[in-house]
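Read off the chains here:
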Amino acid sequence: MKAIRAAEGLLTLSQQDELVDLPNYPLSASEDEGDSDGERKHEKLLEAINSLDGKNRYKLAERSEASLKVSEFNVSSEGSGEKLILADLLEPVKTSSSLATVKKQLNRVKSKKTLELPLNKEEVERARTPLEHEIFNLLHKNKQPVTDPLLTPMEKASLKAMSLEEAKMRRAELQRARALQSYYEARARREKKIKSKKYHKIVKKGKAKKALKEFEQLRNINPTAALEELEKIEKARMMERMSLKHQNSGKWAKSKAIMAKYDLEARQAMQEQLAKNKELTQKLQVVSESEEEGNTEEEETLVPDVVNEVQMDANGPNPWMLRSCNPDAKEEEKPMDSEHLPEPVAHQFSESEEDERPVAEEETLLKEFEERRALRKRSEFSQDAEPMGSRETQDSSSQEVLSEVRALAQRLNKGNLQSRKQRVTSTGTVLQVQREEPAPEEEEPLLLQRPERVQTLEKLEKLGKEECSQKKELPRPILQREWTERNPNNQPDASKGKKKEQMINLQNLLTTKTPSVKSLEVPTIEELEDEEAKVQKQMIKEAFAGDDVIRDFLKEKREAVEANKPKDVDLTLPGWGEWGGLGLKPSAKKRRRFLIKAPEGPPRKDKNLPNVIINEKRNIHAAAHQVRVLPYPFTHHQQFERTIQTPIGSTWNTQRAFQKLTTPKVVTKPGHIIKPIKAEDVGYRSSSRSDISVIQSNQKRLSGHHKKQLKKSSTD
Amino acid sequence: MKVKMLSRNPDNYVRETKLDLQRVPRNYDPTLHPFEVPREYIRALNATKLERVFAKPFLASLDGHRDGVNCLAKHPKSLATVLSGACDGEVRIWNLTKRKCIRTIQAHEGFVRGICTRFCGTSFFTVGDDKTVKQWKMDAPGNGEEEEPLHTILGKTVYTGIDHHWKDPAFATCGQQVDIWDEQRTNPICSMTWGFDSINSVKFNPIETFLLGSCASDRNIVLYDMRQATPLKKVILDMRTNTICWNPMEAFIFTAANEDYNLYTFDMRALDTPLMVHMDHVSAVLDVDYSPTGKEFVSASFDKSIRIFPVDRSRSREVYHTKRMQHVICVKWTSDSKYIMCGSDEMNIRLWKANASEKLGVLTSREKAAKDYNQKLKEKFQYHPHIKRIARHRHLPKSIYSQIQEQRIMKEARRRKEVNRRKHSKPGSVPIVSEKKKHIVAVVK
């Protein structure tokens, strides 16, 4: 048994070796891998030979202890005495193919040994004798199955026919479906009939939300479908833009504009619409930018430089675009790192995927470009001797590539834009792109010459490797800022090119929240705050774009001053002493003579107060309730005002104070005779008087109440 | 471990009896109660309006006299008892609570000129045109007994007025002279004369009880001291004073009802200038009586109205009139200071509330508080034009109204004439005389 097994192992090994030597080896396998395979097989062979003698048993693989992580990547291969390679596990084709041949051989051997099987179908169907012919004919007529005693089609049909119950069920189902349908129709009609705009608005919003959610889900589950969906959304957006719906020029908008002056809601609605319009029109710019970004992305994918990694995280109009791009870039990065000469085919594939719309023209262009790039790379590698300078040279090459890409992309863009017929303002965008082009190109040579740049690049590379995933989430403006910060010497040049982009970024910030970035090397918080303040300002400016409060106030004041000025009296009688009639005016001399000039009034109280309008007119409605003359006992108006301003009600005073304040000066007891005062009553030795209590007020000094309570018992 | 708990003192929120009001904790933060002045103003306005709405001063009319009521007297001990003497010599005693006459005495032949009660309230004195002074018992005579006076004093001249001392058994009469009588004697203790004209009325000072004042037809007011044989001093006014009344709370102050439509409040120590000239009547003032609180007095006038004046105001705060009330000859303020009685020509005695809008009967404490508060508010905002207008607005009979207008014109004319005279004469030759001094002719000691 053992011997047989060993022999089999040998056989398989030899066959494997043979297979290795085969010329149609798959392209994906690398040569050094093949070498390592060879060594391993050699070892195996040796082992097998050793085991032949019987003493040295084949060591079975066994797991001695539980591993922490049980996964496909941690499979222990102790028995074999060598490391398990993932590639081995992932390559079932090789082994199976090698074994398949052996199996075939074995099968063949086995088949020869066994008895013949019953007649094949072909053999059976072949009728030889006339009797057989007859029988076949009969059978065929009835379509009687020959091989199996199965049912005829008729029988099958009869079997397929429903039973009564089934039929009932089906009918019920149908009825239900119909009822449901009618119900839904009715509901839809009803909903359509609802006149409330608010309701429809809410419904629309809800639908949009739902769609977004679904899209999100779809994106996670099925990216390609999501992309299609995205395309649809984009198209809808374009349609909306085309419709000029939000220009505030419609009937509704005009009516709102009239109402906006008085109605806050209308104003809000108008502003909302304006914002929407702005958003839509903004996207025009952003789209052009995104196209640019697309270019840069292309650069990235093409040029394995980390410089572009920073720019790569384009925060375009829609974040999905970015997401769809980035995974590609990620995928690409790996092979580029591992093997320095990537296959052009793979790249092409990525390109096409990235571009979404594989136009033939584009593709061809890209292909051409790829080939050239690959060529250059190869030559680079072959030529390259100095390890230190390699980076720079690579950079320089990349710069060249960059410029090329730019030109290419420009052409591409043009093509794209022309192809998109809906875009009315495409020429504008193209112009923009073209305008922007020269600046970065100027920037590039400068970048090349800087020795510090290498450092920064290395740093960036590190960063990029560490936080690749993070960076992808970062919004573009921050990164841009970071970029400009890190290379302060580039700024003057960069600013020129980035100006436009920055503006757009501001707008982006308006719509998107800036996530906080912690792991960045250079602190950017201050800048961020500044940015936020700016944004706030701009937002306020936008919100109150229409109303200039200060100017309004000044105007109001001017009007008030004018209105209060004494007016001149014109006493000229047209036609008196001269010709009169339509179109004739009294002579200037006459007018001058009969114009009574109003005397200058006293200076206004608010003459020197720029922020105040004092109405000097007497309000007769209020005056009717005001005291005109200072009443007699008071000597100063302040005294009087103070007495008026001191409340006496229980609303403002405690109960005790209220009682004290409201006690009348003279209190009499009802039903008691009040005797005249006596000499004994006056003074402090007085006892209480039952009939009257008097708080005497000094009549000579009315300002202060001299309280003296006279209490004496009434003598009978 | 310390456990914090809410703890409340039941004293802060539990009522002692169920009749108490629930204690409501209040926050007096002024920011929580804004607009105090406007709110109080509105309250004052409402209070003023309500005051006018509820101003129904007329209470009752006591009819029974067969001639004009000439004099009235209060009972010193009983609030419900009022005595009145008529022009036909009849004296009636009224019960105010029943609003009925309880006793009728044919006291005199001709007018009952004066009537006064003894300080103890057991008897009263009347004087009449028949030159007699009669003392009557307050209680009605027994069944079958005749109405007879306790004492009858026959005088030589007609007595026009009588007043009793507030403490002593002495009384004073006036006519040709002022006589001080002892109750037990038929001859006066002393007779005092100053001038030769008839004296209209004599009044004892209720505080400085030995002092008495009289007013005579020769336009003067004479003050006497009972203990002296000669009068103290006299003040001569422009026109005749009908009667005077002493302030029951201030010994040296009296008010004189004058024929020149005015009332003059004098300080007896300084008679040359009255403290206040009270003007509002449009005809001769016939009688005056002080409120027992001494803050106000009521005056009866020939212009068929009675007016209530605060002592320190020259204008009346109230005017009462009815369609049927003719010349009011006598007026009295009841001893509890709540009501006013007036006897008039057309044989009726009328009972009025002293405060036109006052609620009669017992007030709850809350009602009282509200009343006091409203009163204070009215006082506080009394100078505000709207409130002033509403508070002052009175409907007057056409006769009075037109006379007011007429007198205003006359007064204005006089003033204008004076101004003109001053303007056209040597500066200083026509001095500016104040209203108070204008009516005082002379003070004689």
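Residues numbered from 1 in each chain as written. Chains lettered and ligands numbered in written order. Predicted model: local features only at pLDDT ≥ 70, side-chain atom pairs only at ≥ 80, totals over all residues. Heavy atoms only, no water.

Going by what an unreviewed UniProt entry lists, chain B is known as DDB1- and CUL4-associated factor 13 and is assigned to Sciurus vulgaris. UniProt, in the comment section headed Subcellular location (unreviewed entry), describes chain B in these words: "Nucleus, Nucleolus". The annotation that UniProt attaches to chain B under Pathway (unreviewed entry) is "Protein modification; protein ubiquitination." (UniProt positions renumbered as here; feature names shortened; annotations may be inferred.)

The name given to chain A in an unreviewed UniProt entry is U3 small nucleolar RNA-associated protein 14 homolog A, with the source organism recorded as Sciurus vulgaris. UniProt, in the comment section headed Subcellular location (unreviewed entry), describes chain A in these words: "Nucleus, Nucleolus". UniProt, in its Sequence similarities (unreviewed entry) section for chain A, records the words "Belongs to the UTP14 family."

A. Structural view of the overall build of chain A. From N to C terminus, chain A includes 29 helices and five strands. Within chain A, buried positions represent 26% of all 716 residues. Taking the contacts inside chain A whose residues are at least 6 apart along the sequence as the reference set, 63% of them involve residues at least 24 apart. Within the structure as shown, chain A displays about 52,900 Å² of accessible surface, and the carbon and sulfur contribution to it stands at 57%. (Helix = DSSP H or I, 4+ residues; strand = E, 2+ residues; numbered from the N terminus. Buried < 20%, exposed > 50% of the residue type's maximum accessible area, 1.4 Å probe, protein only. Contact = heavy atoms within 4.5 Å. Areas by Shrake-Rupley, 256 points an atom, 1.4 Å probe, with all protein chains shown as cover.)

B. The arrangement of a positive patch on the surface in detail. Residue and element names in this part refer to chain A. A grouping of Lys-198, Lys-201, Lys-205, Lys-209 and Lys-213 is seen on the molecular surface, where their side chains present a positively charged patch. For Lys-198, the location among the structural elements is in helix α9 (residues 197-221). Under the relative-accessibility criterion, Lys-198 is labelled exposed at 61%. (Patch = residues over 30% accessible without salt bridge, like charges linked within 9 Å, V, L, I, M, F, W, Y side chains within 5 Å. Salt bridge = Lys/Arg side-chain N within 4 Å of Asp/Glu carboxyl O. Lys, Arg positive; Asp, Glu negative; His and termini not counted. Charge placed at Lys NZ, Arg CZ, Asp CG, Glu CD.)

C. The arrangement of the interface of chain B and chain A in detail. Contact residues are listed per partner, giving 37 residues for chain B and 43 residues for chain A. Roughly 3,500 Å² of surface becomes buried between chain B and chain A when both sides are summed, with 63% attributable to carbon and sulfur atoms. When residues of chain B are sorted by the area they lose upon contact with chain A, Tyr28(B), Met249(B) and Tyr383(B) head the list and together hold 17% of the total. Seen at the junction of chain B and chain A, the total is zero salt bridges. (Buried area = accessible area lost by both parts, 1.4 Å probe.)

D. The arrangement of the packing of aromatic side chains in detail. All names here are of chain B. Inspection of every chain in the model, using the stated rule, returns 16 aromatic pairs over all chains. Pairing Phe-58 with Trp-352 gives two aromatic rings, centres 5.0 Å apart and planes at 70°, and the pair type is edge-to-face. Residue Phe-58 is found in strand β1 (residues 58-63), and its partner Trp-352 is found in strand β28 (residues 348-353); the two are separated by 294 residues along the sequence. For Phe-58, a relative accessible area of 36% corresponds to the partly exposed category. The buried category is assigned to Trp-352, whose relative accessible area is 1%. Centre to centre, the rings of Phe-254 and Phe-266 are 5.5 Å apart; their planes meet at 25°, and the pair counts as stacked. Taken together, the residues Phe-254 in strand β19 (residues 253-258) and Phe-266 in strand β20 (residues 262-267) connect sequence positions twelve residues apart. These aromatic residues form a ring-pair network of at least three members: Phe-125, Tyr-159, Phe-171 and Trp-181. Over the aromatic face of Phe-252 sits the side chain of Arg-269, whose NZ or CZ is 3.5 Å from the ring centroid. (Phe/Tyr/Trp six-rings, centres within 6.5 Å; stacked < 30°, edge-to-face > 60°. Lys NZ or Arg CZ within 6 Å of the ring centre and 35° of its normal.)

E. Fine view of the nonpolar core. All names here are of chain B. In terms of nonpolar packing, the biggest core is built from 17 residues, with Ile-221, Val-235, Leu-237, Ile-244, Phe-254 and Phe-266 touching the most fellow members. Looking at this core, the elements with two or more residues in it are β15 (211-216), β16 (220-225), β17 (231-237), β18 (241-246), β19, β20 and β21 (276-279). Residues contacting Ile-244, with those up to four places away along its chain left out, are Ser-201, Lys-203, Gly-213, Ser-214, Cys-215, Ile-221, Phe-254, Thr-255, Ala-256 and Val-288. Judged by nonpolar contacts, the second largest core, of 15 residues, contains Ile-340, Cys-342, Trp-352 and Ala-356. (Core = buried A, V, L, I, M, F, W, Y, C linked by side-chain atoms within 4.5 Å.)

F. Region of the structure containing a negative patch on the surface. Residue and element names in this part refer to chain A. There is a patch of like negative charges on the surface, built from Glu-214, Glu-228, Glu-229 and Glu-231. Top element by residues in the negative patch is helix α10 (residues 223-243). It accounts for three residues. Mapped onto the elements of the fold, Glu-214 is located in helix α9.

G. Quick look at a nonpolar patch on the surface. Together, Val569(A), Leu571(A), Phe594(A) and Ile596(A) line one region of the surface with nonpolar side chains, adding up to about 320 Å² of accessible area. Turning to its location among the elements, Val569(A) is positioned in strand β1 (residues 569-570).

H. A look at helix α6 (residues 130-142) of chain A. Relative to the 18 Å expected for 13 residues at 1.5 Å per residue, α6(A) spans 19 Å between its end C-alpha atoms, a close match to the ideal helical length. Judged by how many residues are buried, α6(A) sits mostly at the surface: one of 13 residues are covered. (Expected span 1.5 Å × (residues − 1).)

I. Geometry of the packing of helix α1 (residues 36-53) of chain B against helix α2 (residues 365-380) of chain B. Residue and element names in this part refer to chain B. Axis separation between α1 and α2 bottoms out at 8 Å; the angle between their running directions is 105°. One element, α1, and the other, α2, form an angle in the roughly perpendicular class. Here Glu-40, Arg-43, Ala-44, Ala-47, Thr-48 and Glu-51 of α1 come into contact with α2, specifically with Tyr-373, Asn-374, Leu-377, Lys-378 and Lys-380. Residue composition of the contact of α1 with α2, grouped by class: four nonpolar, two polar and five charged. (Axes fitted to C-alpha atoms, helices over the stretch in contact; angles between N-to-C directions. Parallel < 35°, antiparallel > 145°, perpendicular 65-115°, else oblique. Nonpolar A, V, L, I, M, F, W, Y, C, P; charged D, E, K, R; others polar.)

J. Just the sheet that holds strand β2 (residues 69-74) of chain B, in detail. All names here are of chain B. Taken in spatial order, the four strands line up as β2-β3-β4-β5 in an open sheet, and their pairing is antiparallel. Two strands lie at the open edges of the sheet, namely β2 and β5 (100-106), each paired on one side alone. For this sheet, the mean inter-axis angle between neighbouring strands, taken without regard to orientation, is 20°. (Pairing = 2+ DSSP bridges.)

K. Just the pairing of strand β7 (residues 123-128) of chain B, in detail. Residues and elements named next belong to chain B. The buried fraction of β7 amounts to six of the six residues, a majority that puts the element mostly inside the structure. Every second residue of β7 is oriented toward a common face, with Ser-123, Phe-125 and Val-127 on one face and Phe-124, Thr-126 and Gly-128 on the other, all of them buried. Two elements, strand β6 (residues 112-117) and β7, share five bridges in a ladder whose sense is antiparallel. By the bridge assignment for β7, Val-112 is matched with Gly-128. Following β6, the chain reverses through five residues before pairing antiparallel with β7; Gly-121 in that reversal takes a positive phi of roughly 85°. Where β7 lies against strand β8 (residues 132-137), five bridges are found, and the strand directions are antiparallel. In the strand pairing of β8, Phe-125 is matched with Gln-135. The antiparallel pairing of β7 with β8 creates a hairpin that spans three residues between the two strands, and Lys-131 there sits at a positive phi of about 60°.

L. Summary view of the environment of His384(B). On the secondary structure map, His384(B) appears in the loop between α2 and α3 (385-392). If near-sequence neighbours (up to four positions away) are discounted, His384(B) is found in contact with His625(A), Val627(A), Phe640(A), Ile644(A) and Tyr41(B).

M. Structural detail: the sheet that holds strand β23 (residues 296-301) of chain B. All names here are of chain B. Overall, antiparallel pairing links the four strands, which are arranged β22-β23-β24-β25 in an open sheet. Looking at which strands have only one partner, the edges of the open sheet turn out to be β22 (285-290) and β25 (318-320). Pairs of neighbouring strands in the sheet enclose a mean axial angle of 20°, with direction left out of account. The sheet contact formed by β23 and strand β24 (residues 306-310) spans five bridges and is antiparallel.

N. View of α10(A). Residue and element names in this part refer to chain A. Here α10 is 21 residues long and its end C-alpha atoms lie 30 Å apart, about the 30 Å a rise of 1.5 Å per residue gives. Buried within α10 are the following residues: Ala-225, Ala-226, Leu-230, Arg-237 and Met-238. Leu-244 sits one or two positions beyond α10 and adopts a positive phi of about 55°.

O. Seen up close, the packing of α1(B) against α3(B). Residue and element names in this part refer to chain B. At a minimum axis separation of 9 Å, α1 and α3 run at an interaxial angle of 10°. Between α1 and α3, the interaxial angle falls into the category roughly parallel. Across from Tyr-41, Ala-44, Leu-45, Thr-48, Lys-49 and Arg-52 in α1, the residues of α3 making contact are His-386, Ile-387, Ile-390 and Ala-391. Its residues assigned to classes, the contact of α1 with α3 shows six nonpolar, two polar and two charged.

P. A look at the pairing of β16(B). Residue and element names in this part refer to chain B. β16 sits mainly inside the fold: six of its six residues count as buried. Neither face of β16 is exposed, since Asn-220, Val-222 and Tyr-224 on one face and Ile-221, Leu-223 and Asp-225 on the opposite face are all buried. Where β15 lies against β16, five bridges are found, and the strand directions are antiparallel. Residue pairing for β16: Leu-212 is matched across the bridge by Tyr-224. Hairpin remark: β15 followed by β16, antiparallel, with three residues in the connecting loop; positive phi at Arg-219, about 70°. Looking at chain direction, β16 and β17 are connected through five bridges and run antiparallel. Residue pairing for β17: Val-222 is matched across the bridge by Lys-234.

Q. Here's a closer look at the pattern of salt bridges. All names here are of chain B. Going through the model one piece at a time under the given rule, you end up with 31 salt bridges over all chains. We note a salt bridge from Glu-418 to Lys-438, for which the minimum N-O separation is 4.0 Å. Of this pair, Glu-418 sits in helix α4 (residues 398-423) while Lys-438 is found in helix α5 (residues 435-438), placing the two residues 20 residues apart along the sequence. A relative accessible area of 24% places Glu-418 in the partly exposed class.

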